[in-house]
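# Report on the structure
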Amino acid sequence: MKPLVLSLLSILIPVTLAFAENRDAKVPEPYNNRLRPDQLKRYHPFALKLVVQGRNEEAFAFLREHHDLIESHPDTKLITDVALGRSEWKLDAATWPRERALPHRLDDLSSVGSRFSIAFGGGAGYVPQHERMWTTIASFDPTAMFLLGDNVYHDEPLTPQLQWYHYLRRQSQPEWRAFASKIPIYAIWDDHDFSTDDSWGGPEIDHPVWKREVWEIFKANWDNPYYGGGDANPGVWFDVQLGDVHFILLDGRYY
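Below: a short report on this structure.

Quick look at helix α3 (residues 56–65) now. Those residues of α3 lying buried are A59, F60, F62 and L63. Buried residues of α3, seen end-on, are gathered within an arc of 160° and therefore sit on one face of the element. Exposed residues on α3 whose side chains face more than 90 degrees from its buried face are E57, R64 and E65. For α3, the elements touching its buried residues are α2 (43–52), α4 (67–70) and α5 (74–83).

Structure, rendered in structure tokens:
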């Protein structure tokens, strides 16, 4: 049986290595490039990305092509105004044209007693008709919320403006604004809010070159106690003590 086992290993090892290489975040495949009619949340980011890249005519053609699907959405006008220079919005938080709400964390950890409740989840891609879930979670009045990754689905490590767009779009929604003003939130990331599907960053701190900026944008949109090892050793891991429980949140993507 030994020759057979060795033969199987010789087949499996190259396949495994090839899979790992193809999933490397160094060659990201943006999620918003794969459009499906049942996932309209991707359509406006895709159109906006064309504008960001200076491809206005393509953006207009795309919006016209899908006019019946996205005509009534306020982002259609927003993207058109940006493309035509009728908006002062520069794809950053300072000039975002709508009200937004940043998460906050517990101000006084000593106030947490021996009994408390935690809400946790992830995979929270922006879907307008499902944003009501923030209201549902808030109705349980948890002590804090732990978001464990894929808190947005930007899938755009090479396009900082699109990362901002996904955060700002969520933070401008009334359900999120009410939730974030009431419930303290702690967050780590996963593949879709770090890079692209099933990807990771590799062992180097500043390679691929986009990693640090993705980290900076993440920090600007969450309020954790700290972020990894700081500038010298970036990441989003942290720990926090609530009552008698020591929570340790890990970063499985930066490296």
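If you walk across this open sheet you meet the three strands as β1-β2-β3, and the pairing is parallel. At either end of the open sheet lies a strand with only one pairing partner, and these are β1 (118–121) and β3 (185–187). Averaged over neighbouring strand pairs, the angle between their axes works out to 20° when direction is ignored. Sheet topology note: the β1/strand β2 (residues 144–147) ladder contains four bridges and is parallel. In the strand pairing of β2, A119 is matched with M145.

Another point: the pairing of strand β5 (residues 245–249). As judged from the five bridges shared by strand β4 (residues 238–242) and β5, these two strands associate in the antiparallel manner. In the sheet register, L242 faces β5, and the bridge partner there is V245. In sequence, β4 turns back onto β5 through a hairpin of two residues, with G243 there showing a positive phi of about 60°.

What follows covers the packing of α2 against helix α7 (residues 160–171). Viewed as axis vectors pointing N to C, α2 and α7 meet at an angle of 140°, and their least axial separation amounts to 10 Å. The element α2 and its partner α7 pack so that their crossing is right-handed. Across the interface between the two elements, H44, P45, L48, K49 and V52 from α2 touch Q161, L162, Y165, H166 and R169 from α7. Class assignment of the residues belonging to the contact of α2 with α7 gives a composition of five nonpolar, three polar and two charged.

Attention shifts here to helix α8 (residues 174–182). Buried within α8 are the following residues: W176, F179 and A180. Here the buried residues of α8 occupy an arc of 95° about the axis, which is enough to place them on one side. On its buried face, α8 sits against α6 (133–138), β2, α7 and β3.

Time to look at the packing of aromatic side chains. Inspection of every chain in the model, using the stated rule, returns 22 aromatic pairs. Relative to W222, the ring of Y167 lies with its centre 6.3 Å away and its plane at 80°, an arrangement referred to as edge-to-face. Of this pair, Y167 sits in helix α7 while W222 sits in the loop between α10 (211–221) and β4; the two residues are 55 residues apart in sequence, bridging distant segments of the chain. Grouping residues by exposure puts Y167 and W222 together as buried. Taken together, a centroid distance of 4.9 Å and an interplanar angle of 55° make the contact between W189 and F194 tilted. The buried category is assigned to F194, whose relative accessible area is 0%. The ring of Y153 has K41 sitting right over it, with the charged end atom 5.2 Å from the ring centre. It is K219 that lies over the ring of W215; its NZ or CZ is 3.8 Å from the centre.

Calculation rules
Residues numbered from 1 in each chain as written. Predicted model: local features only at pLDDT ≥ 70, side-chain atom pairs only at ≥ 80, totals over all residues. Heavy atoms only, no water. Buried < 20%, exposed > 50% of the residue type's maximum accessible area, 1.4 Å probe, protein only. Helix = DSSP H or I, 4+ residues; strand = E, 2+ residues; numbered from the N terminus. Arc of directions from axis to C-beta. Contact = heavy atoms within 4.5 Å. Pairing = 2+ DSSP bridges. Axes fitted to C-alpha atoms, helices over the stretch in contact; angles between N-to-C directions. Left-handed = near helix turned anticlockwise from the far one by under 90°. Nonpolar A, V, L, I, M, F, W, Y, C, P; charged D, E, K, R; others polar. Phe/Tyr/Trp six-rings, centres within 6.5 Å; stacked < 30°, edge-to-face > 60°. Lys NZ or Arg CZ within 6 Å of the ring centre and 35° of its normal.

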